[in-house]
Every structure is written in C-alpha cells, then in structure tokens.
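Listed here are the chains, written in short residue letters.
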Amino acid sequence: MRLIRYSHSCVRLEMGESTIVIDPGIWSEPQSLRGADAVLVTHQHADHADQARLAHLSCPIFAPASASLEQISFEPVHPGESIAVAGHAVRVVGGRHAPVLPVQEVCANVGYLIGDTYHPGDALVPPPIPVDTLLVPMQASWMKVSEGVQFLRNSRYERAIGIHDGQINDRAIASINHWYAIGSSGRYRYLTPGSAI
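Scope of this entry: the structure provided in the associated data block. All values derive from a computational prediction rather than experimental measurement.

Along the protein chain, the regular secondary structure elements total 3 helices and 13 strands. Evaluated residue by residue, the protein chain yields a buried proportion of 52% over its 197 residues. The long-range share in the protein chain, meaning contacts at least 24 apart out of those at least 6 apart in sequence, stands at 48%. Of the roughly 8700 Å² of accessible surface on the protein chain, a fraction of 50% belongs to carbon and sulfur atoms. One way to put it: in the protein chain the 14 positive side-chain charges average out to a point 8 Å from where the 18 negative ones average out.

Pasting the structure below:
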C-alpha cells in the first residue's frame, strides 16, 4: 500500500490497481481525487467532504447512512459492518462525531479500517484490532492534545501519522508532533501534505 497524505484529513491509499481516497474536504488538494476508484467519507462536515467536488465524480462514494450530504449520491454505511470497496475489505468503526460542547447533538461519524490502516474521522475511537498505520487527529475544536496522546496509548499500531491539522500554524504542529512522539514511544511521524509512505 502507498499512502499519500493530503491537506487536513485527506488521505489517498493506492493498493495495487485500485485507489481509495478518504475525506477529501474543502481544504484538500483536488489532485487527491485524480483516478480514484472509490471515496470514503467519515462524516458530513465540509472539511471532510467537499460536496461540490464529489458531485462530479463517477466512482462510488461511501458515507454514514444518516449523513447530510444532499449534493451527492452515496452508498450508506453503518458502524460494525464490513463492506467491499474497490476490491478491498473495509471495516466501519465508531458511530458518532466527538462533541464540541457537552450538550451538543452530534452527527454520525465513522472510522474506516482498510487493510492495516485506520482513519478515525472526527472521533477518537481506537481501532478494534492492531493496525500497521494509525492516523491520529492533531487539532480540532472537539479535542485537546492530551486526548490525542490518550488515543495513541489506547490503540495498537506500528506507526502513527498526524492528520487533521488544517487550522493550526507551524508552531502548533511542531508542539503537537513533540507530544505525539512522546505519547507513541517514538512511533509517530508527521507527513507534510503531498508526502507519501
């Protein structure tokens, strides 16, 4: 698998002859979708789902069943199910977006386990099994750094890669990278947008 990290929460997975893109939002680069065989959307927020761009795709799009994505057609997914996407088994995890405020009603959010890579979307639900690559949110109005470190400690993985950094500057990125490296016992790394592993 070749993983290409794009801006904010967008990741492109190239696996043999197929390509799956996760969370191509309004801050991600348009080229992330070039030649995609399928798109996985974790939830309805624009920083994860650029509906204007997605509306013009001819490949299948998968999103939570209750997602409010009126501009696009999508295949509904539910937490706990396994689905076939572009010839690959994908496990759907989670259920709800993390709340910003304690009394807030939140939308559906799912994480996706594709092979040995896990993308949690906007929640810190650990993967149900050990993974090779754990994608970990770096900053959001719904989280603090200590919660990200706890997510790293609660998950089983070989390496962790930071995502969800579209609203922070380089100083904040450097600080969070420091704490995540400590929290992951050195198994964390940061990829700049456009970088691949």
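A few words on the sheet that holds strand 3 (residues 18–22). Taken in spatial order, the 6 strands make up an open sheet running 1-2-3-4-5-6, and their pairing is mixed. Unpaired on one side and paired on the other, strand 1 (2–5) and strand 6 (75–77) mark the two borders of the sheet. With strand direction ignored, the average angle separating the axes of adjacent strands in the sheet is 25°. Relative to strand 6, strand 5 (residues 61–64) runs parallel, the two being bridged by 3 bridges. What sits directly across from Ala 63, in strand 6, is Pro 76.

With the rule as written, the count across this model stands at 1 aromatic pair. Measuring from centroid to centroid gives 5.4 Å for Tyr 180 and Tyr 188, while their planes differ by 90°, and the two rings are edge-to-face. Grouping residues by exposure puts Tyr 180 and Tyr 188 together as buried.

Further remarks concern the pattern of salt bridges. Counting across every chain of the model gives 5 salt bridges. Salt-bridge contacts for Asp 165 lead to Arg 5; the nearest nitrogen and oxygen are separated by 2.6 Å. Highlighted residues: Asp 165 in the loop between strand 12 (157–163) and helix 3 (170–183) and Arg 5 in strand 1, separated in sequence by 160 residues. Both residues of the pair, Asp 165 and Arg 5, count as buried. If you follow the salt bridges from partner to partner, you end up with Arg 2, Arg 12 and Glu 14 in one network.

The subject of this paragraph is the sheet that holds strand 11 (residues 131–137). If you trace the 7 strands from one edge of the open sheet to the other, you get 7-8-9-10-11-12-13, paired in mixed fashion. Every other strand in the sheet has two partners, leaving strand 7 (82–85) and strand 13 (188–189) as the edge strands with one partner each. Strand direction decides the pairing type here: strand 8 (residues 88–96) and strand 9 (residues 108–114), joined by 7 bridges, are antiparallel. Each residue of the ladder has a partner; that of Val 92, found in strand 9, is Tyr 112. Contacts from helix 2 (residues 145–154) reach strand 10 (117–119), strand 11 and strand 12 within the one sheet, and its direction differs from that of strand 11 by about 170°.

Within the secondary structure, Thr 133 sits in strand 11. Beyond its immediate stretch of four places on either side in the chain, Thr 133 contacts Leu 3, Asp 116, Thr 117, Tyr 118, Arg 159 and Ile 161.

About the cut-offs
Residues numbered from 1 in each chain as written. Predicted model: local features only at pLDDT ≥ 70, side-chain atom pairs only at ≥ 80, totals over all residues. Heavy atoms only, no water. Helix = DSSP H or I, 4+ residues; strand = E, 2+ residues; numbered from the N terminus. Buried < 20%, exposed > 50% of the residue type's maximum accessible area, 1.4 Å probe, protein only. Contact = heavy atoms within 4.5 Å. Areas by Shrake-Rupley, 256 points an atom, 1.4 Å probe, with all protein chains shown as cover. Lys, Arg positive; Asp, Glu negative; His and termini not counted. Charge placed at Lys NZ, Arg CZ, Asp CG, Glu CD. Pairing = 2+ DSSP bridges. Axes fitted to C-alpha atoms, helices over the stretch in contact; angles between N-to-C directions. Phe/Tyr/Trp six-rings, centres within 6.5 Å; stacked < 30°, edge-to-face > 60°. Salt bridge = Lys/Arg side-chain N within 4 Å of Asp/Glu carboxyl O.

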